[in-house]
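Take a look at the letters that make up each chain.
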Amino acid sequence: MVSKGALSHQDGPGKAAKIQRSIHTIPQDGTNEGNLCSRCEKVDLRTMFAKESTVKDLGYLESFMDPTCPFCTVIWDCIRLHWGSASPLEHGARPRLYIQSKEWGTFRTHASNKLHHIYRPVLAITEQPPNFQLRRRKVWTDKHHRFIVGELELLGQIPAEQDAVPLLRREIGPFLDIDILRGWLKACEEHDHDSTPDHGFFRLGFRLIDVEELRLVEKTEPCEYLALSYVWGSLDPDSLRTTKSNVHYLQRPHALKQITENVGKEVPRTIAHAMELCKALTYRYLWVDSLCIIQDDEHEKQRLIHGMGHVYENASLTIFATSGQHSDAGLAGITARTGIPCGKKFVIKLPESSLSISIAPTSLEEQVRKSPWNTRAWTLQEQALSERRLYFAADEVFFECSSCNLRELYAVDNLEYCVLRQEAAFWGRGRKYGVAVPLVSILPRGTNNSWEHYMYASMVSNYSRRNLSYSDDVLNAFSGVYQRCTGAHPSQRSIVSVQGLNDASFAHSLLWFIAESDPKKIKRRNAVHGTTLASWSWASWIAPIDFVCVLESSFPAPYTQHWHFWEKLYCFVSEWSLTFSDGDSVCRSTIHEQPGAAKILDRHDLLKPIHLLAMFSEKPQPQEVHDVLGSLAFVAPCISLSPSYRITSDEKVSQGGHLLVLSGLEKHYCIIKFDSEDQGFTEFVLILYDHCYVALCVRTVGGISRRIGVAQLSTSKERWEAAMSMGLLSLQWKQVCLV
């Protein structure tokens, strides 16, 4: 028996795309009630809302086309959220449909000691949605090619459950209930935060908007204020900006109210709404870049740009306008919202009961990653440095601090205990947590902790995928985070001197690669504000950047394949000498590494670092380096190859990288990720062992080296010994001068 609307294999996807249109969506806040079709009856939804389940292949998507079945309707409502009026069944596509149940959260009420678990079925198909952008680094579960179209949420009790589980979902209207927000902020005041305010920047004069007197004021003493992070969008000639010509007028009482008739400019709606919210929360002052910085005063702009981190770090609360595409979009909730796309209800009739479900609201992470706001490079540090964050998304408001995560659609404020997953839905068997690239990059807690590599790598990975209006700002827009995170380091080097790398994990931060295989999407950045960028700096490229040595790296040879937390690294370089310009003078600075003794597990055919170093010549003493600006000098073990090697591509193994195969050996010796189409390197410079050997590919001419790429070398003792016995490798310690 075939259910109504179901298709046989002979019907094909062309007919399916037409029948899809017969599955009508229900209106906002509407209800779809009915029995399951014969296909959907095989899906044990009741169990999936009661516990986690493994991945289940439900078959071809075209088989779920019954317009009378509420679960078929749910599936296609999920798909419409991503495809709109288009269809994944067009152009002959036959995607398959998968389902998997994941734990979404746990909570406990004051009235009961029982810990309640919440599970959500996750739907995914094998067809990529139109205009799909990941906007983060790829991880191993992305290779399954499962594109999540929605999560399902239970709105009532699971039939036959003995204990009543309170519903967390609450109804919200078109406007934000300001009392909810006041409650969040009051509760946050009881949390312990690690931040230590630095009010020194007030001494030079700090301009703010006085929302009571509706004018600009200059403050020289610390005060509480809110900050706004938003998208400027295209420059509207009628949109107000502070300039030398109008700054004195804007300091008059009620100037911002009278501005339209007297100056002919208008306060953009997003800023006006932020002022309204600021006043409703009983804060008097608001900081907005377009009004609080004189836009045609280059001296003031440079001073505040370099202190931008302090602005957001010291704000009592930062308002993030994530849903708007320009400064006149306004804040959804201050202006009326158009409706909740996941407000529909689906009632599935079962033999002895029924399930009431809906499509779960989109997570904050997913909404932010898709927003125009998230494409701006400057907003990364605005977000990371803010202690308390209030996000205005299109359909609801979210609040975050270091101790809690709250959202308008869920009433969790009064629970004794509650942990809900904040990340977007994720796919993969056995995976408990989301992708190791957090929405808000983790910064060192307290002033005495160093910037660990995983924190740094996550920040750069996120930052490099964003856009700059002015390419020269690549270090400026990262400087606030850099200053905050390197404050505990005794040297406190400038971000320009290290060209964006991390003092606390310098060797690791050298081992970056370009996570893009299309050369048309990669562009060289040669200099910023007159400072030449070296080949060893990730800032020298306009491209997405990732790192070799991080958990779930997207490097062609996955870093997770031999992951052991108790195994330690071995750095082959003991110190690095930087040469850089400081005004008119040439300066040098030395960064010391702690090579240490590697604790390496005994694994079959593993060549340990101590045995590898025994193959090299005697290590020379560091020599005096030339005054080459932007150079990085160090002594390292270098590996030259016989000219008989060949470089090949193999998508199954290298996934965008290249294999280097030595003549006479069957297996590849290393995997290389070149920085560009230039593959002309002369040697490998061995940097460290961290679960694998990692080296820079360089081209050396006249004693000066330039980076060409990064490589992960074989750890096979048999492969190294065979290459040495055949004369395919030449190993020697060298003084390297990298520019």
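Since the model is a prediction, treat every value here as computed from it, not as a measurement.

## Comments concerning the nonpolar core
Then, number 1: In terms of nonpolar packing, the biggest core is built from 70 residues, with W538, W576 and F634 touching the most fellow members.
Then, number 2: If you tally residues by element for this core, the top one is helix α13 (residues 453-463), at six residues.
Then, number 3: Setting aside residues no more than four positions away along its own chain, F634 makes contact with V573, E575, W576, V685, I687, K734, Q735, V736 and L738.
Then, number 4: F202, C292, V311 and C404 belong to the second largest nonpolar core, which has 68 residues in total.

## Some details on the packing of aromatic side chains
The relation between two aromatic rings is expressed through the spacing of the ring centres and the mutual angle of the planes.
Then, number 1: Enumeration over the complete set of coordinates arrives at 28 aromatic pairs.
Then, number 2: Ring geometry for W451 versus Y456: centroids 5.1 Å apart, planes at 90 degrees, classification edge-to-face.
Then, number 3: For Y456, a relative accessible area of 0% translates into the label buried.
Then, number 4: Here Y463 and W538 contribute two aromatic rings whose centre-to-centre distance is 6.2 Å and whose plane-to-plane angle is 80 degrees, an arrangement assigned as edge-to-face. Highlighted residues: Y463 in helix α13 and W538 in the loop between β20 (531-532) and β21 (541-542), separated in sequence by 75 residues.
Then, number 5: Residue Y463 is classed as buried on the basis of its relative accessible area of 3%.
Then, number 6: Take W538: its relative accessible area is 2%, and that puts it in the buried class.
Then, number 7: Among the aromatic residues, those joined into a cluster by ring pairs are Y570, F572, Y645, Y669, F674, F681, F684, Y689, Y693 and W720.
Then, number 8: Geometry around W373 places R466 over its ring, the cationic atom sitting 5.8 Å from the centre.

## Concerning the environment of T270
Then, number 1: With respect to the helices and strands, the residue T270 is situated in helix α7 (residues 269-280).
Then, number 2: Taking the relative accessible area as the measure of exposure, T270 reaches 1% and is therefore buried.
Then, number 3: C-alpha separation for the pair T270 and T335, spaced 65 residues apart in sequence, amounts to 9.8 Å.
Then, number 4: For T270, the residues in contact, after removing those within four places along its chain, are L228, Y230, A321, H326, S327, D328, A329, G330 and L331.
Then, number 5: Within the local environment of T270, its side chain forms a polar contact with the backbone oxygen of S327, the two atoms lying 2.9 Å apart.

## Describing the packing of α13 against helix α14 (residues 476-485)
Then, number 1: It is the contact of α13 with α14, at a shortest axis distance of 12 Å, that shows an interaxial angle of 160 degrees. With respect to each other, α13 and α14 are oriented roughly antiparallel. α13 and α14 meet at a crossing whose hand is right-handed. Listed contacts from α14 to Y456, M459, V460 and Y463 of α13 are A477, F478 and V481.
Then, number 2: Residue composition of the contact of α13 with α14, by class: seven nonpolar, no polar and no charged.

## Regarding the pairing of strand β4 (residues 116-125)
Then, number 1: In terms of burial, β4 is largely enclosed, as nine of its ten residues are buried.
Then, number 2: Taken together, the ten bridges between strand β3 (residues 96-108) and β4 define a ladder with antiparallel strand orientation. Counted as the bridge partner of G105 is I118 from β4.
Then, number 3: When β4 meets strand β5 (residues 147-154), the two strands line up antiparallel, connected through four bridges.

## Structural notes on the sheet that holds strand β15 (residues 405-407)
Then, number 1: Taken together, the eight strands give an open sheet; going across it, the order is β7-β6-β9-β8-β10-β13-β14-β15, and neighbouring strands pair in mixed fashion. Each edge of the open sheet is held by one strand with a lone partner, namely β7 (215-219) and β15. Neighbour-to-neighbour, the strand axes of this sheet turn through a mean angle of 30 degrees, independent of strand direction.
Then, number 2: Here strand β13 (residues 389-392) runs beside strand β14 (residues 397-400); their pairing, made up of four bridges, is antiparallel. Each bridged residue has a counterpart across the sheet, and for L390 the counterpart in β14 is F399.
Then, number 3: Where helix α4 (residues 178-188) meets the sheet, it contacts β10 (317-321), β13, β14 and β15, and its direction lies at approximately 5 degrees from that of β14.

## Looking at empty space enclosed by the protein
Then, number 1: In the structure shown here, the tally under the stated rule is one cavity of 30 Å³ or more.
Then, number 2: Its boundaries defined by the atoms lining it, the largest cavity holds a volume of some 50 Å³.

## Points about unusual backbone geometry
Then, number 1: In this structure, L214 is a non-glycine residue whose phi angle is positive, near 55 degrees.
Then, number 2: Relative to the helices and strands, L214 is located in the loop between β6 (206-210) and β7.

## As for the confidence of the model for the protein chain
Then, number 1: For the protein chain, the mean per-residue pLDDT works out to 85, and 85% of the residues sit at or above 70.
Then, number 2: Segment residues 1-9 is flagged for pLDDT under 50; beyond a separation of four residues in sequence, or across chains, it makes 19 contacts in the model.
Then, number 3: For the stretch residues 559-566, pLDDT sits under 50, and the model shows 21 contacts to residues farther than four places along the chain or on other chains.

## Some points on helix α18 (residues 717-725)
Then, number 1: Among the residues of α18, those classed as buried are R719, W720 and A723. Along the long axis of α18, the arc covered by the buried residues comes to 100 degrees, so they all point the same way. With respect to the buried face of α18, the exposed residues turned more than 90 degrees away are E718 and S725.

## Notes on the pairing of β5
Then, number 1: Most of β5 sits inside the fold, with seven of its eight residues counted as buried.
Then, number 2: Looking at chain direction, β5 and strand β12 (residues 354-359) are connected through three bridges and run antiparallel. When the bridges of β12 are listed, L152 appears paired with I359.

## Observations regarding the side chain of R376
Then, number 1: Turning to its location among the elements, R376 is positioned in the loop between α11 (364-369) and α12 (378-385).
Then, number 2: No salt bridge is formed by the buried R376, whose closest oppositely charged neighbour, E382, lies at an N-O distance of 4.0 Å.

## Focus on α4
Then, number 1: For α4, the full list of buried residues reads I180, L181, W184, L185 and C188. Considered in projection along α4, the buried side chains sweep an arc of 135 degrees and stay on one side of the axis.
Then, number 2: Where the residues of α4 are buried, they touch α7, β10, β13, β14 and β15.
Then, number 3: Residue D177 occupies the N-cap position of α4, its side-chain oxygen lying 3.0 Å from the main-chain nitrogen of D179.

Here is what the cut-offs are and how they apply
- Numbering of residues starts from 1 in every chain and runs along the sequence as written.
- Residues qualify for local features only when their pLDDT is at least 70, as the model is predicted, and side-chain atom pairs are given and counted only at 80 or more; totals for whole chains, interfaces and linings, by contrast, use all residues.
- Each side-chain value is worked out from all heavy atoms of the structure, with water and hydrogens disregarded.
- By nonpolar core we mean a set of buried residues, namely Ala, Val, Leu, Ile, Met, Phe, Trp, Tyr and Cys, connected to one another through side-chain atoms within 4.5 Å.
- Think of it in three bands: with a 1.4 Å probe and only protein chains considered, a residue is buried below 20% of the maximum accessible area for its type, exposed above 50%, and partly exposed in between.
- Per the convention used, a helix needs a DSSP run of H or I reaching at least four residues, while a strand needs a run of E reaching at least two, with both numbered from the N terminus.
- Any pair of residues with heavy atoms lying within 4.5 Å of one another is described as a contacting pair.
- We call Phe, Tyr and Trp rings a pair once their centres come within 6.5 Å, taking the six-membered ring for Trp, and we label the pair stacked below 30 degrees between planes, edge-to-face above 60, and tilted otherwise.
- For a lysine, the NZ atom is tested; for an arginine, the CZ atom; a charge sits over a ring if that atom is within 6 Å of the ring centre and within 35 degrees of the ring normal.
- Under the rule applied, a polar contact is a pair of N or O atoms within 3.5 Å (in protein, one hydrogen donor and one hydrogen acceptor; residues adjacent in sequence only if both atoms are side-chain atoms).
- Where helices are involved, their axes are fitted lines through C-alpha atoms of the stretch in contact, as for all axes, and angles between N-to-C directions lie from 0 to 180°.
- Here roughly perpendicular refers to angles of 65 to 115 degrees, roughly parallel to angles under 35, roughly antiparallel to angles over 145, and oblique to all remaining angles.
- Crossing handedness is defined as follows: a turn of the near helix away from the far one that is anticlockwise and smaller than a right angle gives a left-handed crossing, while the clockwise case is right-handed.
- Just so you know the grouping, Ala, Val, Leu, Ile, Met, Phe, Trp, Tyr, Cys and Pro go in nonpolar, Asp, Glu, Lys and Arg go in charged, and all remaining residues, Gly too, go in polar.
- Following DSSP output, two strands are said to pair if at least two bridges run between them.
- Think of a 1 Å grid over just the protein atoms. A cavity is a set of points where a 1.4 Å probe fits yet cannot get out, a pocket is an open set with protein on both sides within 12 Å along at least five of seven lines, and lining residues have an atom within 4 Å of a point.
- Grid points are joined across faces, edges and corners, and a volume is the space filled by probe spheres set on the points.
- Scored between 0 and 100, pLDDT is the confidence that the predictor attaches to each residue.
- The arc refers to the directions leading from the helix axis to the C-beta atoms.
- A residue counts as positive if it is Lys or Arg and as negative if it is Asp or Glu; His and the chain ends are not included.
- Take a side-chain nitrogen of Lys or Arg and a carboxyl oxygen of Asp or Glu: if they are within 4 Å of each other, that pair is a salt bridge.

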